[in-house]
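# Descriptive structure summary
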Amino acid sequence: MEKTLKEIYKNVCSSKWDLGRDESVKDRAKKIIEFWGENTIINDVNESMIDGLIVELRNRKLSNATINRYLSALSTMITFCLRRHQTYQLERKPYISWLKEPKHKLRYISRDEENVLLSLLRSWNMNDDADFFILLIDTGMRLSELQNLKVDDCHSDRIILTQTKTNESRGVPLTKRCQAIVKRLSENKKPGQELFSHFAHWRPNSSWRKVRKEMGLENDKRFGIHACRRTCVSRLLNKDVPSKAVQSWVGHKDDRMVERYGKVLSSRLMNFVDVLED
């Protein structure tokens, strides 16, 4: 078995990253391999090389959070080999110096922002793009989960996600507007086809950048596509949906993420402020 980063990348993709993960993690892994060379042997990767990678990424003016995403992709490849010792004979995992990330305020999409976003897209005749983001907002799906959603996993009132980040299937209820979107997009498509098979995978990011610029939010880097998922969580929590149900809805393994959303956006607490009035 080849132990080069090039071959290991292929193996990790086929066993993990191709199964519902965002394409960005694969892009970061490829850039790491380009930096070190595709024929680099995994056993030769050490702390000094990793420190050099961090310096290079900092020189590219990347944020600590972004650099940590690169390190995460690297860590996944190393762990993949470590757990297959008989194949790769990797004795230890080199220490990775994770960078400290500032705790930014979580970004959500307000109702007004959602209305503007959708109105702009529809005014540009980008109706499928608008529907794509409606599905993200109302279901809390990850971008890759929606991109990989198959027609035969769509039902009249729910969808069944089988290609997820956690590799665990889950069912997600559909709002009435999402039911109409799914019904329309399912027409004239075969069961095994992706619901958005007519969309290139780069399209959502391109559309989002265009509408964000038009809204004057191009410098608000936290106003990204993932804000759709956070918005779904926050809206559910603020309608008093139990956190465990929300966790199941969006497929969070760690309930601390749901708790974080609840702490940051806690407008439902306003219902109890009267108890402090004299």
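Just so it is clear, the model here is predicted, and its values are computed rather than measured.

Calculation criteria
- Residues numbered from 1 in each chain as written.
- Predicted model: local features only at pLDDT ≥ 70, side-chain atom pairs only at ≥ 80, totals over all residues.
- Heavy atoms only, no water.
- Helix = DSSP H or I, 4+ residues; strand = E, 2+ residues; numbered from the N terminus.
- Buried < 20%, exposed > 50% of the residue type's maximum accessible area, 1.4 Å probe, protein only.
- Contact = heavy atoms within 4.5 Å.
- Areas by Shrake-Rupley, 256 points an atom, 1.4 Å probe, with all protein chains shown as cover.
- Patch = residues over 30% accessible without salt bridge, like charges linked within 9 Å, V, L, I, M, F, W, Y side chains within 5 Å.
- Salt bridge = Lys/Arg side-chain N within 4 Å of Asp/Glu carboxyl O.
- Lys, Arg positive; Asp, Glu negative; His and termini not counted.
- Charge placed at Lys NZ, Arg CZ, Asp CG, Glu CD.
- 1 Å grid on protein atoms, 1.4 Å probe; cavity = no way out; pocket = protein on both sides within 12 Å on 5 of 7 lines; lining within 4 Å.
- Points joined across faces, edges and corners; volume = space filled by probe spheres on them.
- Nonpolar A, V, L, I, M, F, W, Y, C, P; charged D, E, K, R; others polar.
- Phe/Tyr/Trp six-rings, centres within 6.5 Å; stacked < 30°, edge-to-face > 60°.
- Lys NZ or Arg CZ within 6 Å of the ring centre and 35° of its normal.
- Arc of directions from axis to C-beta.

Next up on the list: the overall build of the protein. Broken down by element type, the protein carries 13 helices and two strands. Out of the 278 residues belonging to the protein, those deemed buried represent 45%. Within the protein, contacts between residues at least 6 apart in sequence are counted, and of these 64% link residues at least 24 apart. Accessible area of the protein: about 15,600 Å², with a carbon and sulfur share of 49%.

What follows covers a positive patch on the surface. A grouping of Lys16, Arg83, Arg84 and Lys253 is seen on the molecular surface, where their side chains present a positively charged patch. Structurally, Lys16 can be placed in helix α1 (residues 5–17). Accessibility expressed as a relative area gives 33% for Lys16, which makes it partly exposed.

Here the idea is plain: a probe the size of a water molecule rolls over the atoms and shows the empty space left. Scanning the entire structure with this criterion turns up two cavities of 30 Å³ or more. Approximately 40 Å³ is the volume found for the largest cavity. Every residue lining the largest cavity is listed: Glu145, Asn148, Leu149, Lys150, Asp153, Ile160, Leu161, Thr162 and Gln163. Across the lining of the largest cavity, the residue classes tally to three nonpolar, three polar and three charged. Quantified by volume, the second largest cavity comes out at close to 30 Å³. Mapped by element, the contributors of at least two residues to the lining of the second largest cavity are α2 (23–36) and α3 (47–59). Partitioning the lining of the second largest cavity into residue classes produces five nonpolar, no polar and three charged.

Turning our eyes to something else, we now look at the packing of aromatic side chains. Tallied over the full model, the rule gives eight aromatic pairs. Ring centres 5.9 Å apart and planes at 20° place the aromatic pair Phe132 and Phe199 in the stacked group. In this pair, Phe132 is assigned in helix α7 (residues 127–139) and Phe199 in the loop between α9 (176–186) and α10 (203–214), connecting sequence segments 67 residues apart. As far as the burial class goes, Phe132 and Phe199 line up, both buried. Where Phe133 meets Trp208, the ring centres are 5.0 Å apart and the plane angle is 75°; that geometry is what we call edge-to-face. Of the two residues, Phe133 is situated in helix α7 and Trp208 in helix α10; the sequence distance between them amounts to 75 residues. Given the relative accessible area of 1%, Phe133 is considered buried. One cation-aromatic arrangement involves Arg84 over Phe80; the distance from NZ or CZ to the ring centre is 3.7 Å. Seen from the ring of Trp124, Lys210 lies directly overhead, with NZ or CZ sitting 4.6 Å from the centre.

A few words on α9. Looking at α9, one finds that the buried residues are Cys178, Ile181, Val182, Leu185 and Ser186. Taken down its axis, α9 places every buried residue within 125° of arc, on the same side. Exposed positions of α9 whose direction lies more than 90 degrees from the buried face are Lys176 and Lys183. Where α9 terminates, the next one or two residues include Asn188, which has phi positive at roughly 65°.

Here we take up unusual backbone geometry. The backbone of Lys61 shows a phi angle near 65°, a positive value even though the residue is not glycine. Note on placement: Lys61 falls in the loop between α3 and α4 (64–82). Backbone geometry at Asn188 places phi at a positive 65°, although glycine is not the residue there. Residue classification places Asn188 among the exposed residues on the basis of a relative accessible area of 81%.

Summarising the element assignment, Met215 is placed in the loop between α10 and α11 (226–237). What makes Met215 buried here is its relative accessible area of 19%. Distance in space between the C-alpha atoms of Met215 and Leu117 is 7.6 Å, their sequence separation being 98 residues. Once residues lying within four places of it in the same chain are set aside, the contact partners of Met215 are Glu113, Val116, Leu117, Leu120 and Phe223.

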